[in-house]
Amino acid sequence: MASHELKHLISDAPRVMVADGSKLVRKLIVDVLKRELPGVQVVGCSSIAEARAALEAGAVDLVTTALSLPDGDGLELARSVREAAGQAYVPVIVVSGDAQQHLVERRFTEYVTDYFDKSLGHEALAEFIRGYVQPQAIPGAVVLYIEDSRVVAEATKRMLERQQLDVIHVLTAEEAFGLLTAESLGRTERRIDLVLTDVTLKGELSGRDVVERIRIDFGYGKRHLPVLVMTGDANRRNQSELLHAGANDLVQKPIEERLLVTKVLFQLRLARLDGGGARPE
């Protein structure tokens, strides 16, 4: 699926619903989205009741919701979105001040696509939403991809390369560490912008080992070198441990292209928003 085809999965004038009980917060989010995403129609709702009425008035392409609303919680709204006719696959993003805790404790439900940490700011939220409604490539960004199945790797590489990303594929964690070491010593011209790794790898080291070594041995923070881990393990404790180890986010297997692309591009943009620059010497 090419980038232009990905965009055509969404209407020419995307409709985004913003649900938050705070009028001030709602206005801040709506204003930023209108400024940063020209052409996007933004519908503000203060409650689940208002959101349900808006859903009846027309389809939406994405929903952001606070975790707590005056007449219920964001998870209830997410369920309503899923149950609304024709709304089964709409991304539902919970925007919360304790989103990271929800991520770490894996409090996802089948109705919620993802959590967004409010502390990252509304500009970052706009970038996050842009990834869904107006996917924008970051040409030349380098992704170090660790996957021991050549068949899986080839399919996933194509997904990323369709977004004009430069993908370096290696089969083992050991190979990846060799490349990261060469970069840290200034022996390579290409800087690695993001690491994408399967959790289960051939050899002595796993995806979790990759995360821990990048964070501890190399000393790279989450904004300086984002790490996404692909896993088919539905065990929430195991998922939580990966996030505790320092993974920025998880990508569930089997891989859904739109979600993978959204998560990769968002982490790359977030690193650049943060100045993502300096790595430890």
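Residues numbered from 1 in each chain as written. Predicted model: local features only at pLDDT ≥ 70, side-chain atom pairs only at ≥ 80, totals over all residues. Heavy atoms only, no water.

This paragraph deals with the packing of helix α8 (residues 173–184) against helix α9 (residues 207–217). Any two packed helices are characterised by how steeply their axes cross, that is the angle between the axes, and by the distance between the axes. Look at α8 against α9: their axes get within 10 Å of each other, and the N-to-C directions meet at 20°. By the angle between their axes, α8 is roughly parallel relative to α9. In the crossing of α8 with α9, the sense of the turn from one axis to the other is right-handed. From α8, Ala173, Phe177 and Leu180 reach across to α9, where they touch Asp209, Val210, Arg213 and Ile214. Across the contact of α8 with α9, the residue classes break down as 5 nonpolar, no polar and 2 charged. (Axes fitted to C-alpha atoms, helices over the stretch in contact; angles between N-to-C directions. Helix = DSSP H or I, 4+ residues; strand = E, 2+ residues; numbered from the N terminus. Parallel < 35°, antiparallel > 145°, perpendicular 65-115°, else oblique. Left-handed = near helix turned anticlockwise from the far one by under 90°. Contact = heavy atoms within 4.5 Å. Nonpolar A, V, L, I, M, F, W, Y, C, P; charged D, E, K, R; others polar.)

Moving on: the environment of Ile48. With respect to the element layout, Ile48 can be found in helix α3 (residues 48–57). Ile48 sits in the buried class, given a relative accessible area of 1%. Taking the C-alpha atoms as reference, Ile48 lies 8.0 Å from Asp73; in sequence the two are 25 residues apart. Other than its neighbours up to four places away in sequence, Ile48 contacts Leu69, Asp71, Gly72, Asp73, Glu76 and Leu77. (Buried < 20%, exposed > 50% of the residue type's maximum accessible area, 1.4 Å probe, protein only.)

The pairing of strand β11 (residues 227–231) with strand β12 (residues 249–252) spans 4 bridges and is parallel. Looking at β12, one finds that Met230 is bridged to Val251. For the handedness criterion, the β-α-β arrangement of β11, helix α10 (residues 236–245) and β12 is classed as right-handed. (Pairing = 2+ DSSP bridges. Right-handed = clockwise from strand over helix to strand, strands pointing away.)

Attention shifts here to the packing of α9 against α10. Remark: α9 packs on α10, axes separated minimally by 9 Å, with the N-to-C direction vectors making an angle of 20°. It follows from the interaxial angle that α9 and α10 lie roughly parallel. The interaxial crossing formed by α9 with α10 has left-handed handedness. On α10, the residues that touch Arg208, Val211, Glu212 and Arg215 of α9 are Glu241, Leu242 and Ala245. A breakdown of the residues in the contact of α9 with α10 according to their chemical character gives 3 nonpolar, no polar and 4 charged.

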